[in-house]
Amino acid sequence: MMAGIGGKNTKPEIILRRALHRAGFRFRLHARELPGKPDVVLPRYRVVILVHGCFWHRHHGCHWCTDPAANSEFWKSKFDRNVERDAEIAGRLHEAGWRIARVWECGLRGSAEARTIDDLLRWLPSAERDFDSGLIRARGS
């Protein structure tokens, strides 16, 4: 079942892209020349947006970040490698001068969606280096 989950054009990505487009932002998708082929690229702002699934990218403390009961060692090593790869990609993007926005799947569900998108839209033209919708939710601000 899990093999059938796609990595591109997921529901959270589409929700985010529609909101960006409605707000007047124009972007590229899955730029192959950038490390990790980021989900959304806004060259004008030198920003990449990574839409992370809470389960696959291990959003700690999130309801959707569960551990499979079967074959736990396999899944632990797989998840550890995903988190390690995310850190490597972020480092390479920063070295290349890109700002990174991490938008978590849970931030694009239900009542959290509008707040996550508003916070992201305010951050885009700012000079702040990174944005993480999971940190905002954790702080409760």
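Look up a bit, the structure's there.
Position numbers for residues count from 1 along each chain, tracking the sequence in the order it is written. This being a predicted model, a pLDDT of at least 70 is required before a residue's local features are given, and a value of 80 or more before pairs of side-chain atoms are given or counted; all residues contribute to the totals for chains, interfaces and linings. Water and hydrogen atoms play no part in the side-chain values, which are based on all heavy atoms of the structure.

(A) The sheet that holds strand S3 (residues 47-52), seen in detail. Each pair of strands is called paired provided DSSP finds at least two bridges between the two strands. Secondary structure is summarised from DSSP: a helix means a run of H or I of at least four residues, a strand means a run of E of at least two, and numbering begins at the N terminus for each. Read across the open sheet, the five strands follow the order S1-S2-S3-S4-S5; overall the sheet is mixed. If you trace the sheet from one side to the other, it starts and ends with strand S1 (28-29) and strand S5 (130-132), each paired once. As defined by bridge partners, S3 adjoins strand S4 (residues 99-104) across six bridges and the pair is classed as parallel. Across the sheet, Ile49 pairs through a bridge with Ala101, a residue of S4. Residue contacts are counted whenever heavy atoms from the two residues lie within 4.5 Å of one another. To obtain an axis, a line is fitted to C-alpha atoms, over the contacting stretch when the element is a helix, and the angle between two such axes runs from 0 to 180 degrees between their N-to-C directions. Against the sheet, helix H1 (residues 11-22) touches S1, strand S2 (40-42), S3 and S4, its axis set at about 145° to S3. Contacting S3, S4 and S5, helix H4 (residues 112-123) runs over the sheet at an angle of about 175° to S4.

(B) Local environment of unusual backbone geometry. Residues other than glycine seldom take positive phi values, yet His30 does so here, at roughly 45°. Note that His30 resides in the loop between S1 and S2. Even without glycine at this site, Arg46 takes up a positive phi of about 55°. Among the structural elements, Arg46 can be located in the loop between S2 and S3. The exposure class of Arg46 is partly exposed, given its relative accessible area of 38%. Exposure classes here rest on a 1.4 Å probe applied to the protein chains alone. A residue is buried below 20% of its type maximum, exposed above 50%, and partly exposed in between.

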